[in-house]
Amino acid sequence: MPLLIKNADIVTADSRQRGDVYAEGETITRIGQNLDAPPDTEVIDATGKLLFPGFIDPHVHIYLPFMATFAKDTHETGSIAALVGGTTTYIEMCCPSRFDDGLESYNLWKSKAGGASACDYTFHMSVTKFVGETEAQLREIVADGIASFKIFLSYKNFFGVDDGEMYETLTLAKKLGVIVTAHCENAELVGRLQQSLLAQGKTGPEFHEPSRPEAVEAEGTNRFATFLGVTGAAGYVVHLSCKPALDMALAAKARGTRLWIESVLPHFLLDKTYAERAGVEGMKHVMSPPLRDRANQKVLWDALAAGAIDTVGTDHCPFDTTQKILGNDAFTQIPNGIPGIEERVPLLYTYGVKRGSLDIHRFVDAASTRPAKLFGLHPRKGTIAVGSDADLVVFDPEYRGKISAATQHTNCDYSGFEGMEIDGRPSLVTVRGKVQVRDGKFVGERGRGKLLKRDPAYF
Ligand code: URP
Ligand code: ZN
Ligand code: ZN
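The rules we used
Residues numbered from 1 in each chain as written. Chains lettered and ligands numbered in written order. Predicted model: local features only at pLDDT ≥ 70, side-chain atom pairs only at ≥ 80, totals over all residues. Heavy atoms only, no water. Donors = N, O, S within 2.8 Å, 3.2 Å for Na, K, Ca; no water. Helix = DSSP H or I, 4+ residues; strand = E, 2+ residues; numbered from the N terminus. Contact = heavy atoms within 4.5 Å. 1 Å grid on protein atoms, 1.4 Å probe; cavity = no way out; pocket = protein on both sides within 12 Å on 5 of 7 lines; lining within 4 Å. Points joined across faces, edges and corners; volume = space filled by probe spheres on them. Nonpolar A, V, L, I, M, F, W, Y, C, P; charged D, E, K, R; others polar. Near = heavy atom within 4 Å. Polar contact = N/O pair within 3.5 Å; in protein donor to acceptor, adjacent residues only side chain to side chain. Areas by Shrake-Rupley, 256 points an atom, 1.4 Å probe, with all protein chains shown as cover. Pairing = 2+ DSSP bridges. Axes fitted to C-alpha atoms, helices over the stretch in contact; angles between N-to-C directions. Tetrahedral: all angles 85-135°; square planar, octahedral: opposite > 155°, others 65-115°. Phe/Tyr/Trp six-rings, centres within 6.5 Å; stacked < 30°, edge-to-face > 60°. Lys NZ or Arg CZ within 6 Å of the ring centre and 35° of its normal.

### Focus on the coordination of the zinc ion (ligand 3)
Think of it this way: four donors in a tetrahedron around the metal ideally sit 109.5 degrees apart, and six in an octahedron ideally sit 90 or 180 degrees apart.
Point 1. At this site the zinc ion (ligand 3) is bound by H59 (NE2), H61 (NE2) and D315 (OD), with donor distances of 2.0 to 2.2 Å.
Point 2. Every donor residue of the zinc ion (ligand 3) comes from the same chain, spaced as H-x1-H-x253-D.

### A look at the environment of N411
Point 1. With respect to the element layout, N411 can be found in the loop between β16 (392-402) and β17 (421-431).
Point 2. Sequence spacing of N411 and P339 is 72 residues, and the spatial spacing of their C-alpha atoms is 9.1 Å.
Point 3. The contact partners of N411, leaving out residues within four places of it in the chain, are K72, D73, T77 and P318.

### Observations regarding the layout of surface pockets
Point 1. Of the voids in this model, the largest pocket is the one considered here, and its volume is about 490 Å³.
Point 2. Around the largest pocket, the lining is made up of 20 residues, and of these Y155, K156, V190, Q194 and T332 lie nearest the centre.
Point 3. At seven residues, helix α5 (residues 187-199) tops the list of elements feeding residues into the lining of the largest pocket.
Point 4. Residue composition of the lining of the largest pocket, grouped by class: eight nonpolar, eight polar and four charged.
Point 5. For the second largest pocket, the lining is made up of 19 residues, of which V84, E342, T407, I422 and R425 are closest to its centre.

### Some details on the site of ligand 1
Point 1. Near ligand 1 you find H59, H61, Y155, H183, H239, M287, S288, D315, C317, N336 and G337, and these make up its full shell.
Point 2. One of the side-chain nitrogen or oxygen atoms of H183 is found 3.0 Å away from an oxygen atom of ligand 1.
Point 3. Between N336 and ligand 1, the recorded distance is 3.1 Å, taken from a backbone N or O atom to a nitrogen atom.
Point 4. In isolation ligand 1 exposes 260 Å². Once the protein is present, 100% of that is buried.
Point 5. Partitioned by chemical class, the residues of the shell around ligand 1 number three nonpolar, seven polar and one charged.

### Topic: the sheet that holds strand β10 (residues 120-126)
Point 1. A sheet is described by the order of its strands in space; here eight strands give the open sequence β6-β9-β10-β11-β12-β13-β14-β15, paired in parallel fashion. The outermost strands of the open sheet, each flanked by one partner alone, are β6 (55-60) and β15 (311-313). Each adjacent strand pair in this sheet contributes to an overall mean axis angle of 30 degrees, direction not counted.
Point 2. When strand β12 (residues 179-183) meets strand β13 (residues 234-237), the two strands line up parallel, connected through four bridges. Bridge assignment links V180 to a residue of β13, and that residue is G235.
Point 3. Sitting on the sheet, helix α14 (residues 360-374) touches β6, β12, β13, β14 (259-264) and β15, and the angle it makes with β6 is about 70 degrees.

### Re the coordination of the zinc ion (ligand 2)
Point 1. Every protein donor of the zinc ion (ligand 2) is accounted for by H183 (ND1) and H239 (NE2), and the metal-donor separations fall at 2.1 Å.
Point 2. Seen from the zinc ion (ligand 2), its four donor atoms lie at angles of 55 to 146 degrees, and the figure they make is irregular.

### Notes on the packing of aromatic side chains
Point 1. Inspection of the entire model under this criterion finds 19 aromatic pairs.
Point 2. Judged by centre distance (5.2 Å) and plane angle (25 degrees), the ring pair of F66 and F159 falls under stacked. Within this pair, whereas F66 is found in strand β7 (residues 65-66), its partner F159 is found in the loop between β11 (148-152) and α4 (163-176), the two being separated by 93 residues in sequence.
Point 3. By way of ring pairs, the aromatic residues F52, F55, Y349, F363 and F395 are connected into one cluster.
Point 4. R425 extends its terminal NZ or CZ atom over the ring of Y399, reaching a point 4.2 Å from the ring centre.

### Some remarks on unusual backbone geometry
Point 1. Following S288, the chain continues into P289 via a peptide bond in cis, with omega recorded as -10 degrees.
Point 2. Looking at the element boundaries, P289 is found in the loop between α10 (279-283) and α11 (295-306).
Point 3. Of note, the bond from H378 into P379 is cis; its omega dihedral lies within 30 degrees of zero at 5 degrees.
Point 4. Structurally, the position occupied by P379 is in the loop between α14 and β16.
Point 5. One non-glycine residue, A68, lies in the positive phi region at around 65 degrees.
Point 6. When you line up the elements, A68 lands in the loop between β7 and β8 (69-70).

Rendered as structure tokens:
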């Protein structure tokens, strides 16, 4: 059925106009004033509402075997949570360990999402070793429409690559024209600091941050940037959390290194005192890089507002409290991660646009348009334009509510953002022209999501 959204305040990364958007099939076919439509059209009156392009989360974990357990979402639960939160496309990290076969893992990750996700998706393909068959496998995966890799400089002997493997990955990425995303922390230093803290009997979640201090992230960021400069590859730092790392990334950009920066929702809103709470309350807030000293939050917000931080993702990674307490005796055993796919858009709007100084167009850019451009999805995704997919978010700026695990769709028994107020929420969300969320509730088709093929020639 065609769809006509009328009288909306249409906001993209670079424009704002009051008007109507008409979608036929999966695509936006007209934008204008007082549009008419055939009788079988579903008409939605968006008077008083904002209309945004579907939001894109560039960093999520859905299927994730990690730290002796599995993240809790399936693509069914994770995608419904995403949609209720206004995210119509996510990019999942396909994360084999270095003991797994890369291509088999890619097929496994695809099988978990296919027919299960209610929103569109694609993957960053993690390269967790570089051995004889790696290049051929990566070429096959890129040919299948995956235009970005992921490397971990941390998590030694599991996901982590050494410098030689990083060099091989970047050199191949440069040849293939794909961008490489990277988790930048120095693995050796983390391991040494963890051992030292545990040996002193410092076992609680409050010691997670001291085991991965800001300098450790700054070193990883600088090393990644140096390797990008030497190889000429294009790179993207994921979940950058602190000023020293930002300084390294910006210095590299100033030297002409092709580097983009992502920060994730928890680092804008939560600080290390959350992880210093006693027992499981602290464990809920253990992620890597860790929650930082509060002073970093203003640095991140300012850099985001200025466009120096390019994108805001979530690093959505739900481990429930039963899993978190696996780390009761040692913080090194706490599964790392905080869920956030459902909260990103309303919280970024509330604390950035409404209560902060984040320009509304930069908000759209960071949470939708720039991820689409960087990862080869634009202009199909990330904007409201004739010819783009009809992924639309009708956003009610008058809604008032609070984040609560009791009402969330993510398959997790806590929210890291519990009790935070929201000024506005997505009220209606479409994926390729089909209403998937109405009045803030999922009403859509499970399994509607498509694997998005991306152009490797973007870089
Ligand atoms: O703590 C985190 N971030 N967990 C997920 C794995 C990763 O590093 O992205
Ligand atoms: Zn990471
Ligand atoms: Zn991650």
